[in-house]
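Chains, contacts and geometry: an overview
The lines below spell out each chain.
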Amino acid sequence: MKTKKYFVCNECGFESDKWFAKCPSCNSISSAVEFTADIDFKKNKKTSKTTSEITYLDEEVSIPVRIKTSIKEFNDSINGGFVKGGIYLISGEPGIGKSTLISQISKDIDGFVLYATGEESKTQVIQRYKRLNIENKNIGLIFENDIDSIINTISKSTKKPSVVFIDSIQTMKSDEFDSIAGSILQVRECSKKITNFAKNNDITIVLIGHVNKEGAVAGPKILEHIVDCVIQFDLEKTSGLRMVRITKNRYGPTDEIILLEMTSKGLIPIENMNEFFLNDYSNESGNTLTIIKEGNKLIPIEIQALVSKPVYGTPRRITSGVPLDRVLMISAVLSKKLKMPIESKDIFVSTSGGFKINDSAIDLAIANSLVSSLLEMPPLGPTIAIGEIGLDGKIRSVSSIEKRIEISKRLGMENILIPEKNSKKVKSCTPIKNINELVKLFKGV
Ligand code: TYD
Ligand code: MG
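Residues numbered from 1 in each chain as written. Chains lettered and ligands numbered in written order. Predicted model: local features only at pLDDT ≥ 70, side-chain atom pairs only at ≥ 80, totals over all residues. Heavy atoms only, no water.

Before going further, it helps to examine the side chain of Asp146. By the secondary structure assignment, Asp146 is in the loop between strand 8 (139-143) and helix 5 (147-156). The contact partners of Asp146, leaving out residues within four places of it in the chain, are Lys173 and Asp175. (Helix = DSSP H or I, 4+ residues; strand = E, 2+ residues; numbered from the N terminus. Contact = heavy atoms within 4.5 Å.)

Below, the structure is given as structure tokens:
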């Protein structure tokens, strides 16, 4: 058996046969770490003659067993629960609530649950379980950051766990590698070790991973390649809500999201989004409702605009939740196409709770709010506006219009403005062709 030297970038995981001073992939300086791999030449010779088995589609295979957790919304987002033997990654910034979430979901898992942490003390973890009112004899804790020791403990345990949580993968290390915990090598090798062990033993593994400032999982894409499913935890900064998205899923679709609120009793899913976002809505000038699409969830949101005389010489444009460039574009279109005196004014636009929106179907609601505030006229009645605005002032069609209308009607809304292009099969909504038609809806214009 011979050994081969190779080098790995400790920042991004780039591999090369040759040493490098600057990583060709991420440009980091002095990040090359030497690795040795065993090469079995005899074995290589033999494998060149081996053949693989061909499988046909009519082969009977069993449907994966799902392990349900205590949070229904969480189960729904991962298509019914953790897959037995599946490898999951829950990623998010420190302090966002990852440990809280896994403590909560471990509560009603069928079978024995092991929670291995290299991050917190016994007192911290037990206190958290107490605070969350969880007393479950089927949850075992390991306070350890040596991955080999964790694997040995599980193999020797008489109780085979159905799910193992590793909090966090960045605190784990293996003495086989000469690198500190959290380095790319340790993250990669520890994840591989626990993953191989889990696949051979049909145990579900949930890795917790911290993300860096840019939002990437530390130990970059490596972890995301290893696992079957990535559950990304984001903080919605203004509303304080936690948004959980599935960004990779080998077992189902990836477009589910859940919104959770951090309370003194832990994370609570927001069941009634309508109530949460529309509680304070009233039909005053500058206010318009819309339905946005996040993942495959449709959420009603209020857009508020205030157009006022500038306080300083240069007019200000301030937004919260909506992209500033959308507001600038819409006000430029109103000014250019309709000669509305908006460009000289201060403009403020925000969403309910500052909830961040990236759906261009909010354009029509922004325009409706801007016009309403500029004219100091409330819309003719409570209004929901859905549509994207082009630079030519025409209203473009949007996706999922039927579902968006259905939700609007469920909210008891009668005044529903939609793009004319979307209105063919839809009755009882007001089709809008361009911003000219939108402005004409305001009384007296
Ligand atoms: P934590 O789950 O430790 O975050 P992470 O594991 O992602 O680093 O929790 C983060 C914050 O949540 C912490 O500041 C305390 C707060 N918290 C609550 O507000 N309510 C609770 O019930 C719990 C357990 C934590
Ligand atoms: Mg934690």
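From this point, the narrative continues.
All right, on to helix 4 (residues 122-131) then. Along helix 4, the positions that sit buried rather than exposed are Val125, Arg128 and Tyr129. Along the axis of helix 4, the buried positions cluster into a sector of 100°, meaning they face one direction only. For helix 4, the exposed residues lying more than 90 degrees away from the buried face are Thr123, Lys130 and Arg131. Looking at the packing, one finds that the buried side of helix 4 touches helix 3 (98-105), strand 7 (112-117) and strand 8. Asn133 occupies a position one or two residues after helix 4 and carries a positive phi of about 60°. (Buried < 20%, exposed > 50% of the residue type's maximum accessible area, 1.4 Å probe, protein only. Arc of directions from axis to C-beta.)

So, about a negative patch on the surface. Among the surface-exposed residues, Glu53, Asp58, Glu59 and Glu60 lie close enough to one another that they form a single negatively charged patch. Turning to its location among the elements, Glu53 is positioned in the loop between helix 1 (41-47) and strand 4 (66-67). You can call Glu53 exposed: its relative accessible area is 73%. (Patch = residues over 30% accessible without salt bridge, like charges linked within 9 Å, V, L, I, M, F, W, Y side chains within 5 Å. Areas by Shrake-Rupley, 256 points an atom, 1.4 Å probe, with all protein chains shown as cover. Salt bridge = Lys/Arg side-chain N within 4 Å of Asp/Glu carboxyl O. Lys, Arg positive; Asp, Glu negative; His and termini not counted. Charge placed at Lys NZ, Arg CZ, Asp CG, Glu CD.)

All right, on to the layout of surface pockets then. Empty space within the second largest pocket amounts to approximately 330 Å³. Only helix 2 (72-77), strand 13 (257-263), helix 8 (273-278), strand 16 (297-308) and helix 11 (401-410) provide two or more residues apiece to the lining of the second largest pocket. If you tally residues by element for the lining of the second largest pocket, the top one is helix 2, at four residues. Taken together, the residues that form the lining of the second largest pocket break down as eight nonpolar, three polar and seven charged. (1 Å grid on protein atoms, 1.4 Å probe; cavity = no way out; pocket = protein on both sides within 12 Å on 5 of 7 lines; lining within 4 Å. Points joined across faces, edges and corners; volume = space filled by probe spheres on them. Nonpolar A, V, L, I, M, F, W, Y, C, P; charged D, E, K, R; others polar.)

This part covers the site of ligand 1. Around ligand 1 there are 16 residues in total, and Gly95, Lys98, Ser99, Thr100 and Thr263 lie nearest to it. Gly95 is positioned such that a nitrogen or oxygen atom in its backbone is 2.7 Å from an oxygen atom of ligand 1. Contacts to ligand 1 include Thr263, whose backbone N or O atom sits 2.9 Å from a nitrogen atom. Protein coverage of the free-state accessible area of ligand 1, which is 560 Å², stands at 73%. If you list the elements that add at least two residues to the shell around ligand 1, you get helix 3, helix 4 and strand 13. Of all the elements, helix 3 adds the most residues to the shell around ligand 1, at three residues. Of the residues belonging to the shell around ligand 1, the class tally is four nonpolar, seven polar and five charged. (Near = heavy atom within 4 Å. Polar contact = N/O pair within 3.5 Å; in protein donor to acceptor, adjacent residues only side chain to side chain.)

Let's shift gears to the nonpolar core. Among the nonpolar cores identified, the biggest contains 59 residues, and Leu259, Phe277, Ile299, Phe355 and Leu370 are the most heavily contacted of them. Discounting residues that sit within four places of it in the chain, Phe355 has contacts with Glu236, Ser239, Leu241, Met243, Leu259, Phe277, Ile292, Ile299, Ile301 and Gly321. Within the second largest apolar cluster, 32 residues are counted, among which are Phe74, Phe165, Cys229 and Val244. (Core = buried A, V, L, I, M, F, W, Y, C linked by side-chain atoms within 4.5 Å.)

Here the focus is the pattern of salt bridges. On inspection of all chains with the given rule, the structure shows 19 salt bridges. Taking the shortest distance from any N to any O, the salt bridge between Glu120 and Arg128 comes out at 2.8 Å. In this structure, the salt-bridge partner of Asp228 is Arg250, at a minimum N-O distance of 2.7 Å. Residue Asp228 is found in the loop between helix 7 (220-226) and strand 11 (229-235), and its partner Arg250 is found in the loop between strand 12 (242-249) and strand 13; the two are separated by 22 residues along the sequence.

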